[in-house]
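# Architecture and fold: a report
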Amino acid sequence: KIHDLLKRNSKKEKSIMTIIDITKEEDIKSNSVLFFWASWHEASSSPNGSINAIFQMLAESTSSSGVNFYRVEAEAMSSLSQKYSVQVIPTFILLDRDGNILDRIDGGDDIPRLTKAVATLAGSHTSKTNKSKTSSTPKEKQPSPDENTIQSRLKALIESSPVMLFMKGDPTAPKCGFSRQITELLSQEGIAFGTFDILTDEDVRQGLKTYSNWPTFPQLYANGDLIGGLDIVREMAEDGDLAEQMGVEKNLLEDRLKKLTTRHRVMLFMKGLPSAPKCGFSRQTVQILENHNANYDSFNILEDDEVRQGLKAFSDWPTFPQLYVDGDLVGG
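Residues numbered from 1 in each chain as written. Predicted model: local features only at pLDDT ≥ 70, side-chain atom pairs only at ≥ 80, totals over all residues. Heavy atoms only, no water.

Across its full length, the chain carries 13 helices and 17 strands. In the chain, which comprises 332 residues, the share counted as buried stands at 46%. Taking the intrachain contacts of the chain between residues at least 6 apart in sequence as the baseline, contacts between residues at least 24 apart amount to 66%. Element-wise, carbon and sulfur atoms account for 48% of the exposed surface of the chain, whose accessible area totals about 17,000 Å². (Helix = DSSP H or I, 4+ residues; strand = E, 2+ residues; numbered from the N terminus. Buried < 20%, exposed > 50% of the residue type's maximum accessible area, 1.4 Å probe, protein only. Contact = heavy atoms within 4.5 Å. Areas by Shrake-Rupley, 256 points an atom, 1.4 Å probe, with all protein chains shown as cover.)

This is the structure in structure tokens:
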């Protein structure tokens with residue numbers, strides 16, 4: 001593991017991509033990713049914040065793609081925030097080669113979608129570059145965009161959470177018995193984990209088999225390293241403290257909920273994202289907040305059943321959306 005870590009760090013040093021902090025709009029080039037952050041949002045503002053670290057990793061893993069990466073302080077650059085209708089921190093805006101919006105991700109809850117969007121942007125640019133090169137040197141075989149981006153995309157996905165599970169379905173609706181059992185085991189052990197549904201992306205599904213030399217799913221990773229499938233995880237749990245063996249901290253749900261409810265002064269727990277609500281009540285609550293120009297953050301409870309169920313007991317409020325101000329429940 002030490003050898004692998006040193007090798008990974010060595011590769012990073014060779015391919016560090018500069019992230020530019022934007023101070024004026026004209027500095028932004030096309031074919032780029034804009035990361036809107038705020039000083040009060042620790043995950044995006046702190047150098048060691050989880051969202052900031054993921055953005056840095058995405059920039060490094062696509063350093064040869066020609067994609068530009070920019071950090072934009074949302075409140076300091078209000079004109080840009082208004083131009084791109086930024087209502088949630090963090091927000092990611094992806095611009096194509098003509099400067100048009102290719103995609104946007106509101107919030108920091110859907111890291112797999114962000115990595116896929118960045119990979120698509122990088123692959124599109126690489127494809128155009130390779131096509132140009134091929135026309136001038138027809139005998140030279142150029143690698144496909146998928147070959148150029150899949151490895152960096154898999155790495156970004158694996159490292160998007162300290163504990164990452166690649167499964168069939170999601171924790172609220174597993175699509176196979178093995179996936180259901182491993183999510184239940186991790187929850188019982190008090191281990192927080194991110195997930196990716198391999199049924200939604202064949203490139204990731206097939207790529208992981210080669211990337212980690214492991215042919216079946218689910219696959220569990222901790223700190224970027226493959227742990228194994230259900231049988232191995234179950235054996236580790238039987239041998240002792242699973243979190244300790246994996247080298248991760250146990251998740252104390254109440255502490256996690258306290259941190260989430262105070263992540264922003266105004267915090268909305270909803271179904272879906274502000275840009276894509278998944279129920280009418282969530283949509284109406286978002287509209288009310290935005291009609292009053294409220295500065296708020298949100299959490300998609302459909303992505304984390306532990307938070308969804310935990311909040312019901314934490315605040316003694318059984319339904320969603322739930323709105324908090326300064327850590328206190330206002331209501332639905």
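Next, the rest of the story.
Take the pattern of salt bridges next. For the structure shown, the criterion picks out twelve salt bridges. Put simply, aspartate 201 and lysine 116 hold a salt bridge, and the shortest N to O gap is 3.4 Å. Taken together, the residues span a long stretch of sequence, with aspartate 201 in the loop between strand S9 (194-197) and helix H8 (202-211) and lysine 116 in helix H5 (residues 111-136) at a distance of 85 residues. Taking relative accessible area as the criterion, lysine 116 reaches 38% and is therefore assigned partly exposed. Notably, a salt bridge pairs glutamate 184 with arginine 180, separated by 3.4 Å at the nearest N-O pair. Separated by four residues within a single helix, glutamate 184 and arginine 180 lie in helix H7 (residues 177-188), roughly one turn from each other. (Salt bridge = Lys/Arg side-chain N within 4 Å of Asp/Glu carboxyl O.)

Moving on to helix H3 (residues 50-61). Taking 1.5 Å per residue as the helical rise, H3 with its twelve residues ought to reach 16 Å, and the 16 Å between its terminal C-alpha atoms agrees with that figure. Taken together, the buried positions of H3 are Ile51, Asn52, Ile54, Phe55, Met57, Leu58, Ala59 and Glu60. (Expected span 1.5 Å × (residues − 1).)

Alternating positions in S9 separate into two faces, Gly194 and Phe196 on one and Thr195 and Asp197 on the other, with burial throughout. As defined by bridge partners, strand S6 (residues 163-167) adjoins S9 across four bridges and the pair is classed as parallel. Note that in S9 the partner of methionine 167 across the bridge is aspartate 197. (Pairing = 2+ DSSP bridges.)

What follows is about unusual backbone geometry. Trans peptide bonds make up most of the peptide bonds, and negative phi angles are found at most residues other than glycine. A cis geometry characterises the amide bond from isoleucine 89 onward to proline 90, with omega recorded as -5°. Summarising the element assignment, proline 90 is placed in the loop between helix H4 (78-83) and strand S4 (91-95). Omega for the bond connecting phenylalanine 217 with proline 218 falls within 30 degrees of zero, at 10°, which places this linkage in the cis form. Note on placement: proline 218 falls in the loop between H8 and strand S10 (219-222). Residue asparagine 223 is not a glycine yet carries a positive backbone phi of 55°. One can find asparagine 223 in the loop between S10 and strand S11 (225-228). Look at aspartate 316: it is not a glycine, yet its phi comes out positive at around 55°. You can see aspartate 316 is positioned in the loop between helix H13 (305-314) and strand S16 (322-325). For aspartate 316, a relative accessible area of 68% corresponds to the exposed category.

Right, let's talk about the sheet that holds strand S5 (residues 101-106) for a bit. Each strand in a sheet pairs with its neighbour through backbone hydrogen bonds, running either in the same direction (parallel) or in the opposite one (antiparallel). Taken in spatial order, the five strands of this open sheet run S1-S3-S2-S4-S5, and their pairing is mixed. Each end of this open sheet is capped by a strand with a single partner; those strands are strand S1 (20-21) and S5. One ladder, built from six bridges, connects strand S2 (residues 32-37) with strand S3 (residues 68-73); its direction is parallel. Each residue of the ladder has a partner; that of tryptophan 37, found in S3, is glutamate 73. Running at roughly 160° to S3, H3 makes contact with S2, S3 and S4 of the sheet. (Axes fitted to C-alpha atoms, helices over the stretch in contact; angles between N-to-C directions.)

Time to look at the packing of helix H11 (residues 253-261) against H13. Direction vectors running N to C along H11 and H13 enclose 90°, while the axes themselves pass 10 Å from each other. The angle between H11 and H13 falls in the class roughly perpendicular. Counted together, Leu253, Glu254, Arg256, Leu257, Lys258, Leu260 and Thr261 of H11 and Glu306, Val307, Gly310, Leu311 and Phe314 of H13 form the full contact between these two elements. Considering only residue class, the contact of H11 with H13 consists of six nonpolar, two polar and four charged. (Parallel < 35°, antiparallel > 145°, perpendicular 65-115°, else oblique. Nonpolar A, V, L, I, M, F, W, Y, C, P; charged D, E, K, R; others polar.)

What follows is about the sheet that holds S11. One open sheet holds the four strands; their spatial order is S9-S6-S10-S11, and the pairing between them is mixed. The sheet is open, and its two borders are formed by S9 and S11, each paired with just one other strand. Along the sheet, successive strands turn relative to each other by an average axial angle of 25°, direction set aside. Summarising the sheet, S6 and S10 pair through four bridges and their orientation is antiparallel. When the bridges of S10 are listed, valine 163 appears paired with alanine 222. Packed onto the sheet, helix H9 (residues 230-239) meets S10 and S11 and runs at close to 80° relative to S11.

Taken as a whole and assessed by the stated rule, the structure comprises nine aromatic pairs. Ring centres of phenylalanine 35 and phenylalanine 55 lie 4.8 Å apart, and the angle between their planes is 50°; on these two criteria the pair is classed as tilted. Within this pair, whereas phenylalanine 35 is found in strand S2, its partner phenylalanine 55 is found in helix H3, the two being separated by 20 residues in sequence. Given a relative accessible area of 0%, phenylalanine 35 falls into the buried group. (Phe/Tyr/Trp six-rings, centres within 6.5 Å; stacked < 30°, edge-to-face > 60°.)

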